Amino acid sequence: MALQCGIVGLPNVGKSTLFNCLSNAKAQSANFPFCTIDPNVGVITVPDERLNVLAQLVHPQRIVPTTVEIVDIAGLVKGASKGEGLGNKFLANIRETDAIIHVLRCFDDDNITHVDGSVNPVRDKEVIDYELMLKDLETIEGRITRVQKQAQTGGDKQAKVQYEVLCRYKEALEQGKAARTVQFESKEELKAAHDLFLLTNKPVLYVCNVDDASAAAGNKYVDNVREAVKDEGAEILIVAARVESEIAELDSYDDKQMFLAEIGLEESGVNRLIKAAYKLLNLETFLTAGPQEVRAWTFRRGSKAPQCAGVIHSDFEKGFIRAEVIKYDDYVALGSEAAVKEAGKMYVEGKDYVVQDGDIMHFRFNV
């Protein structure tokens, strides 16, 4: 399950700098709007200290972390939904991402121009929100004319569901509310809603890009953002992208930790961002450990054993028999799978077992 996040924001807020920190791909970064023309896609590993601990015990041939895809598009401006600054094209690039990382400029720097002439992250947020809502409204209005006749005159039940979903979204968007504020209950409604891939229906992580001195505690701009989004249920993350870019250039783990300690941080903003994106999407990780590889696998929180087996291969889910489960802490404490079995700490679970984050799984199946 590859998690894909789209990075949005106004020009010159630090999106591409942050992207470069997240990915080995080097996006162009310059002090003028639209220096990023094509979407940059980077594949990055999800930090998980448990993999290294298990590898020291198992001595596998390889370690395979799970990954996240990050899509960086050009800075959006007012009128993007209507094509200003090639906005229509850029918005299309993030339509099918799982979540949106909204970067807000929360630092003063006279050497970096702001498209609106002053630093005001709450205003910037509202500009982007408005453009995303306009784009969604355009999508809704384009669909609604196609299904309205089928829904009102024909016997097409699916068209009726689609029409009702579209009407509810249209009403919310026209009131200036994001699509994610509209709640559906039936499976049919939820599927129709999902298939629209609305931009404002995606969960949002607000990243406040601050100056070096504010990396640990934030600043007045961050406080303003926190107040503005308090009713959204959205996550806020403070990151100093310039500092992160310097950390990314360091080769030694010890040097990175020393750098972080100097600015009052225990963990890099990049690691915190990836973990926050996981939390945003209710994702967790189960592990597999053996002589060939120690590997992390991503699953939706609350998934049962057969569904997690299917993450590895669809045949595992189809022919699921049982799961052999070892708790990570037990494995580390006892030192090996054999010692875990001997201590009676390997649990045999059936199809109703809800997999927990950090479970070390072995699936038995028959196809």
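Worth saying up front: this structure is predicted, and the values here are computed from it rather than measured.

Thoughts on the overall build of the protein chain
Within the protein chain, the secondary structure is distributed over 14 helices and 12 strands. Of all 367 residues assigned to the protein chain, the portion counted as buried reaches 48%. Taking as baseline every contact in the protein chain between residues at least 6 positions apart, the subset at least 24 positions apart corresponds to 69%. Summing over all exposed atoms, the protein chain offers an accessible surface of approximately 18,400 Å²; the carbon and sulfur share of this is 48%.

Let's talk about the layout of surface pockets
Picture a little ball the size of a water molecule; that probe, rolled over the atoms, points out where space is still empty. If you add up the space inside the largest pocket, you get close to 960 Å³. Pro47, Lys256, Ser268, Val270 and Asn271 are the residues nearest the centre of the largest pocket, which is lined by 30 residues in total. Residue assignment for the lining of the largest pocket shows that the elements contributing at least two residues are helix 1 (15-22), strand 2 (40-45), helix 2 (49-58), helix 8 (241-249), helix 9 (253-262) and helix 10 (269-280). Considered class by class, the residues forming the lining of the largest pocket number 14 nonpolar, eight polar and eight charged.

A look at helix 10
Between its first and last C-alpha, helix 10 extends 16 Å over 12 residues, near the 16 Å set by a 1.5 Å rise per residue. Within the sequence span of helix 10, burial applies to Gly269, Val270, Leu273, Ile274, Ala276, Ala277 and Tyr278. Downstream of helix 10 by one or two residues, Asn282 has phi in the positive range, about 55 degrees.

Description of the pattern of salt bridges
Side chains bearing opposite charge may pair, as long as their charged atoms lie close to each other. One pass over the full model with this rule turns up 23 salt bridges. Taking the shortest distance from any N to any O, the salt bridge between Arg50 and Asp357 comes out at 3.1 Å. In this pair, Arg50 sits in helix 2 while Asp357 sits in the loop between strand 11 (346-349) and strand 12 (360-365), placing the two residues 307 residues apart along the sequence. Residue Asp357 is classed as partly exposed on the basis of its relative accessible area, which comes to 38%. Residue Arg322 is joined to Glu324 by a salt bridge in which the shortest nitrogen-to-oxygen separation is 3.9 Å. Given a relative accessible area of 32%, Arg322 falls into the partly exposed group. What emerges from the salt-bridge pattern is a single network uniting Asp48, Arg50 and Asp357.

Criteria and thresholds
- Per chain, the residues get numbers from 1 upward, laid out in the order the sequence is written.
- Totals for whole chains, interfaces and linings use all residues, but because this is a predicted model, local features are given only for residues with pLDDT of at least 70 and pairs of side-chain atoms are given and counted only at 80 or more.
- The basis for every side-chain value is the complete set of heavy atoms in the structure, and neither hydrogens nor water enter the calculation.
- To qualify as a helix, a DSSP run of H or I must reach at least 4 residues; to qualify as a strand, a run of E must reach at least 2; elements of each kind are numbered from the N terminus.
- Accessible area is worked out with a 1.4 Å probe on protein chains only. A residue is then buried under 20% of its type maximum, exposed over 50%, and partly exposed in between.
- Here, residues are in contact when the closest pair of their heavy atoms is within 4.5 Å.
- Note on areas: these come from Shrake-Rupley sampling with a 1.4 Å probe, and a residue is covered only by the protein chains present in the view.
- Using a grid of 1 Å spacing that covers the protein atoms alone, one calls a set of points a cavity when a 1.4 Å probe fits there but cannot get out, and a pocket when the set is open and has protein on both sides within 12 Å along at least five of seven lines; lining residues are those with an atom within 4 Å of a point.
- Grid points are joined across faces, edges and corners, and a volume is the space filled by probe spheres set on the points.
- Only Asp, Glu, Lys and Arg are considered charged in this grouping, and only Ala, Val, Leu, Ile, Met, Phe, Trp, Tyr, Cys and Pro are considered nonpolar; every other residue, Gly among them, is considered polar.
- One less than the number of residues in a helix, times 1.5 Å, gives the span that helix is expected to have.
- One speaks of a salt bridge when a side-chain nitrogen belonging to Lys or Arg is within 4 Å of a carboxyl oxygen belonging to Asp or Glu.

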